Amino acid sequence: MASLSLRNICKKYPNGFEAVKDFSLEIEDQEFIIFVGPSGCGKSTTLRMIAGLEEITSGELAIDGKVVNDVEPKDRDIAMVFQNYALYPHMTVFDNMAFGLKLRKVPKAEIKKKVEEAAKILGIEDLLDRKPKALSGGQRQRVAMGQAIVREPKVFLMDEPLSNLDAKLRVQMRSEIASLHQRLGATIIYVTHDQVEAMTLGTRIVVLKDGVIQQVDSPQKLYREPDNLFVAGFIGSPQMNFLDASCVVEGGRVFLKFAENTIALPPEKGEKLIAGGYGGKTVVLGVRPEDVDDAPGALEEHKEGVFCAKVTGYELLGSEALLYYTVGGTGMTAKVDASTSARTGDSVRLALEVGKIHIFDKETGLAVAH
């Protein structure tokens, strides 16, 4: 397999639009790395530059230490799996998977062996004589992956490969791709706009916005310590709640005031706000839905984080429920136990776990404390 090095990669189109800006990233051998972000953030463009399907405007791309900016796509030893499967409709599954090997003049016996091995890995041995129109979406996606696997490339590139599948099949294929990575020991670069997909698959995640890297970290670190408001709001479902709050320093302690509510911060978070000169300023308070609770035990345990809210909606999810509520006109969400008695229209007391809240600079959007 292979390591990749992207150094100050930029992509600028003739009309002046800059799709990717100063993209630098080191990808280790056998890493499963995810590019995630909203539509138009530059993730697919970056993938296509790695594949050689888009020209790099400036910067340097190296695979295993060799600069490949001017190397033809076919000579980069990279296999790409597309969102639309890219299968030949007139060919059988076997011939679709064998096509790239035939072009390379690989001996017939070796082609047969490689295709059958890949089909076994993907669980499609009994489909080799069928044509794509006789396959389900999930089976077609497996064939598209088989096309890539038989080539034994240095790097697999996957561009939203599951986005055309239904929700149940997506979950199943996610786990199959994860186990495939383990078995092949492959270097995989995977593009998605689905942050749940990103969180469950990647060893590291690259969060992109407007062609700029916002943060590169493990799924856990991105979730627990987002660098800025964009990452905090993008990673996590339901997304993080945000609320403007006034930072007040009294007697060496720090309090956040919002909509007639006051919560006290733990010393370690308060010290960061004092050190940053945030006393008397407005900051953005970030709270994960699961860190808000209305249970009597939580209200007692987290007294310093209790506040009042108005419930505007209720959704039962089975063992949990989502409470939608407003605080001073700002809509927020809490993920609570399904036994909650709170319903739409109720005025309730909720408790924040103050040790888990996030605080961001109102002007820059950068994280101040986690």
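Rules and cut-offs
Residues numbered from 1 in each chain as written. Predicted model: local features only at pLDDT ≥ 70, side-chain atom pairs only at ≥ 80, totals over all residues. Heavy atoms only, no water. Helix = DSSP H or I, 4+ residues; strand = E, 2+ residues; numbered from the N terminus. Pairing = 2+ DSSP bridges. Disulfide = S-S within 2.5 Å. Buried < 20%, exposed > 50% of the residue type's maximum accessible area, 1.4 Å probe, protein only. Salt bridge = Lys/Arg side-chain N within 4 Å of Asp/Glu carboxyl O. Arc of directions from axis to C-beta. Contact = heavy atoms within 4.5 Å.

Our next topic: the environment of Ala 298. One can find Ala 298 in helix H10 (residues 296–301). Through-space distance from the C-alpha of Ala 298 to that of Arg 343 is 18 Å; in sequence the pair is 45 residues apart.

Our focus in this paragraph is the pairing of strand S9 (residues 204–209). Strand direction decides the pairing type here: strand S3 (residues 32–36) and S9, joined by 4 bridges, are parallel. Within S9, the residue paired with Phe 35 across the bridge is Val 206. Note that S9 and strand S10 (residues 212–217) share 5 bridges and pair antiparallel. Residue pairing for S10: Lys 209 is matched across the bridge by Val 212. Taking the residues that link successive antiparallel strands as the turn, the S9-S10 hairpin has 2 residues, and the phi of Asp 210 there is positive, at about 50°.

Let us look at the state of the cysteines. In protein chemistry, a disulfide is the covalent bond that joins the sulfur atoms of two cysteines. Evaluated as defined, the whole model comprises 0 disulfides. Left without a disulfide partner, Cys 10 is nearest to the cysteine sulfur of Cys 41, which lies 15 Å away. By relative accessible area, Cys 10 is classed as buried at 14%.

Scanning the model with the defined rule gives 17 salt bridges in all. Across the salt bridge formed by Glu 304 and Arg 253, the nearest N and O atoms sit 3.1 Å from each other. Separated by 51 residues along the polypeptide, Glu 304 in the loop between H10 and strand S16 (306–316) and Arg 253 in strand S12 (residues 253–258) bring together distant segments of the chain. Its relative accessible area of 30% is what places Arg 253 among the partly exposed residues. Connected via shared salt-bridge partners are Lys 11, Arg 48 and Glu 54.

With that settled, consider the pairing of strand S19 (residues 347–352). In the sheet, strand S15 (residues 292–293) pairs with S19 via 2 bridges, with the strands oriented antiparallel. From the neighbouring strand, Asp 293 faces S19, where its bridge partner is Ala 351.

Attention now moves to helix H9 (residues 267–275). Owing to its 3.6 residues per turn, the α-helix brings residues three or four apart onto one side. Those residues of H9 that sit buried are Lys 269, Gly 270 and Leu 273. One face of H9 carries all of its buried residues, which in axial projection span an arc of 100°. Opposite the buried face of H9, by more than 90 degrees, sit the exposed residues Pro 267, Glu 271 and Ala 275. For H9, the elements touching its buried residues are strand S11 (241–250), S12, strand S14 (282–287), strand S20 (358–361) and strand S21 (367–369). Positioned one or two residues after H9, Gly 277 has a phi angle of 70°, which is positive.

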